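An overview of the molecular structure
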Amino acid sequence: METEKKTHTAAEQMTDRDLSEQIKKVTKESHVRAENTELMLSFQRGKVTLPQYKLLLCSLYEIYQALEEEMDRNSDHPSVAPIYFPAELARLKSIENDLEYFYGQDWREKIVIPAATKRYSHRLRQIGKENPEFLLAHAYTRYLGDLSGGQVLGRIAQKSMDLKNGDGLSFFAFPGVSSPNLFKQLYRSRMNSVELTEEERNGVLEEAVRAFEFNIQVFEDLQKMLTVSDNNLQSSITQSKPVKANTLHMSENIYTSSLLRMVLGLFVALATVSVGMYAL
């Protein structure tokens, strides 16, 4: 009860000077960009497939492996320690369980990591070594996004893929968090308590924008791949000779194009819910 009172009081006392509010403000434009993507609308209809979800898990694994390894390594850093909640928030083990469920025990040999995702994880490792305080921005947008919109994605995924008993959906479960809303208030309060110089604060705000942009870059890369696939498909359709090889090529392009469209929809949703705390 005392903890609940403290978190409510902390929420009421937030000001525009609070880091959490400043991050919300500087990332608003990126949030709007993601919301206005037409593929977001297709996801909202609840169209999630198994191939789509599996590819999402592959990227989440790469991102969270980098983020959590750097958070662990910098757990005593004055900018990281206040928001270090491995028991409540760590996602890596959950993602590994999901990947094993879908791919089998040799899942590490089967997963595919897009280039944009690798750039994202590279950035996380870079700041973990050079500017640990920047981890604030990535941890905040990722974890609080998971606790907010990620819960909606979990329900959509379960219903769309008809998954029973939570199998393959460990990523969306936070057994260590009894009340997501109260925990998010506590998390923001802890983050706002971090002492930063003006230069460091500006750096964290810039990194928050960059974190969102990395998510957008993931599906922008996929969009380019989709455009190439669509062009190839159109070329195959307009060919006059019904050669078997062309028919096979066209079928592959249809599958690739459809799959990429679905993946794009989920990544747009992921980037949008990454700032799900706006609704709180």
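In this text the structure is predicted, and so the values were computed from the model without any measurement.

A separate point is the overall build of the protein. Regarding its fold elements, the protein presents 13 helices and zero strands. Ordered by position in the sequence, the α and β elements of the protein form the string α-α-α-α-α-α-α-α-α-α-α-α-α. Within the protein, buried positions represent 50% of all 280 residues. Counting only contacts in the protein whose residues sit at least 6 apart along the sequence, the fraction spanning at least 24 positions is 85%. Carbon together with sulfur atoms contributes 50% to the accessible area of the protein, which is approximately 14,200 Å² in total.

Take the side chain of Arg-201 next. Position of Arg-201 relative to the elements: it lies in helix 12 (residues 198-237). There is no salt bridge for the buried Arg-201, and the closest opposite charge comes from Glu-198, which lies 5.1 Å off by N-O distance. A distance of 2.8 Å separates a polar atom in the side chain of Arg-201 from a polar atom in the side chain of Gln-22. Not counting residues up to four positions away in its chain, the partners in contact with Arg-201 are Arg-17, Asp-18, Leu-19, Gln-22 and Leu-196.

Applying the stated criterion to the full structure yields nine salt bridges. Between Arg-125 and Glu-70 there is a salt bridge, and its shortest N-O distance comes to 3.9 Å. Separated by 55 residues along the polypeptide, Arg-125 in helix 8 (residues 115-130) and Glu-70 in helix 5 (residues 50-73) bring together distant segments of the chain. The class for Arg-125 is partly exposed, based on a relative accessible area of 26%. Residue Glu-70 is classed as buried on the basis of its relative accessible area, which comes to 5%. Beyond isolated ion pairs, a larger network of salt bridges with shared partners links Glu-69, Glu-70, Arg-73 and Arg-125.

What follows is about helix 9 (residues 135-147). End to end, helix 9 covers 18 Å across 13 residues, agreeing with the expected 18 Å (1.5 Å per residue, within 8%). Of all 13 residues that make up helix 9, 13 are buried, and the element is covered over most of its length.

Looking at the protein, pLDDT values average 79 and 68% of them are 70 or higher. Confidence over residues 243-252 falls short of pLDDT 50; this stretch has seven contacts with residues more than four positions distant or in other chains. pLDDT under 50 marks residues 271-280. Its contacts with residues more than four places away, or in other chains, come to 37 contacts.

The subject of this paragraph is the nonpolar core. Among the nonpolar cores identified, the biggest contains 55 residues, and Leu-99 and Tyr-187 are the most heavily contacted of them. Those elements that place two or more of their residues in this core are helix 2 (19-26), helix 5, helix 7 (92-103), helix 8, helix 9, helix 10 (149-161), helix 11 (180-192) and helix 12. Here this core gets 11 residues from one element, more than from any other, and that element is helix 5. Among all residues touching Tyr-187, those that are not within four sequence positions of it are Ile-83, Phe-85, Leu-89, Ala-139, Tyr-140, Tyr-143 and Leu-144.

A few words on the packing of aromatic side chains. Taken as a whole and assessed by the stated rule, the structure comprises 12 aromatic pairs. Relative to Phe-172, the ring of Phe-171 lies with its centre 5.1 Å away and its plane at 75 degrees, an arrangement referred to as edge-to-face. Of the two residues examined, Phe-171 and Phe-172, each falls in the buried class. Centroid distance Phe-183 to Tyr-187: 6.3 Å. Interplanar angle 45 degrees. Geometry classified as tilted. Taken together, the positions of Phe-183 and Tyr-187, both in helix 11 and four residues apart, correspond to about one turn of that helix. Overall, Phe-183 belongs to the buried group, its relative accessible area being 10%. Look at Tyr-187 and you get buried, because its relative accessible area is 0%. The positively charged end of Lys-54 is found above the aromatic ring belonging to Tyr-103, 4.6 Å away from the centroid. Against the face of Phe-174 rests Arg-91, its NZ or CZ located 3.7 Å from the ring centre.

Calculation rules
Residues numbered from 1 in each chain as written. Predicted model: local features only at pLDDT ≥ 70, side-chain atom pairs only at ≥ 80, totals over all residues. Heavy atoms only, no water. Helix = DSSP H or I, 4+ residues; strand = E, 2+ residues; numbered from the N terminus. Buried < 20%, exposed > 50% of the residue type's maximum accessible area, 1.4 Å probe, protein only. Contact = heavy atoms within 4.5 Å. Areas by Shrake-Rupley, 256 points an atom, 1.4 Å probe, with all protein chains shown as cover. Lys, Arg positive; Asp, Glu negative; His and termini not counted. Salt bridge = Lys/Arg side-chain N within 4 Å of Asp/Glu carboxyl O. Polar contact = N/O pair within 3.5 Å; in protein donor to acceptor, adjacent residues only side chain to side chain. Expected span 1.5 Å × (residues − 1). pLDDT = per-residue confidence, 0-100. Core = buried A, V, L, I, M, F, W, Y, C linked by side-chain atoms within 4.5 Å. Phe/Tyr/Trp six-rings, centres within 6.5 Å; stacked < 30°, edge-to-face > 60°. Lys NZ or Arg CZ within 6 Å of the ring centre and 35° of its normal.

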